[in-house]
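Coordinate inspection notes
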Amino acid sequence: MIKFNYAPDGIGEGTFKSRYFRDDMGGDEFLVYIFSKDYAKYAEKCVQHFNSLPDNVIDVICYHIIESAKQNLHNPGFVLPELEKNTDILNYCWFKAMIVSIPGDDSKASYIMQGEGD
């Protein structure tokens, strides 16, 4: 269960542990942001979805991170090393926070994961 702290404007900040992904220090705890107290239950659904991504989906996510890194738009000094498998890209990037806002259809998990990388 996520325990949120709320700002006066209703925006909530909480933390959750990731099953697979890591932050820039190798930790498994991430921030989660919601725009209203009404989103708290939905945020739990999003965290559960994120933590149950199958290996093949994680591989596809990593593939697209690699494709983005190949463009070298934000750090032209970074040279992408040879990677044995797609998930090796996670040695060069990390995640920081989940942003949750309920879409029109709240039966599906919809969230944005923020991250950074070399």
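Our subject in this report is the structure included herewith.

Thresholds applied
Residues numbered from 1 in each chain as written. Predicted model: local features only at pLDDT ≥ 70, side-chain atom pairs only at ≥ 80, totals over all residues. Heavy atoms only, no water. Salt bridge = Lys/Arg side-chain N within 4 Å of Asp/Glu carboxyl O. Helix = DSSP H or I, 4+ residues; strand = E, 2+ residues; numbered from the N terminus. Buried < 20%, exposed > 50% of the residue type's maximum accessible area, 1.4 Å probe, protein only. Polar contact = N/O pair within 3.5 Å; in protein donor to acceptor, adjacent residues only side chain to side chain. Contact = heavy atoms within 4.5 Å.

**Focus on the pattern of salt bridges**
Taken as a whole, this structure holds four salt bridges when the rule is applied. Salt-bridge contacts for Lys17 lead to Glu29; the nearest nitrogen and oxygen are separated by 3.7 Å. With Lys17 in strand E2 (residues 12-17) and Glu29 in strand E3 (residues 29-34), this residue pair connects regions lying twelve residues apart in the sequence. Residue Glu29 is classed as partly exposed on the basis of its relative accessible area of 41%. Bridged by salt links that share partners, the residues Lys17, Asp28 and Glu29 form one connected network.

**Observations regarding the side chain of Asn51**
Position of Asn51 relative to the elements: it lies in helix H1 (residues 40-51). Classification of Asn51 by relative accessible area gives buried; the value is 19%. At a separation of 2.9 Å, a polar atom in the side chain of Asn51 contacts the main-chain carbonyl oxygen of Lys17. Excluding anything up to four places from it in sequence, Asn51 contacts Phe16, Lys17, Ser18 and Arg19.

Keep in mind that these numbers describe shape and distance, not what the molecule does.
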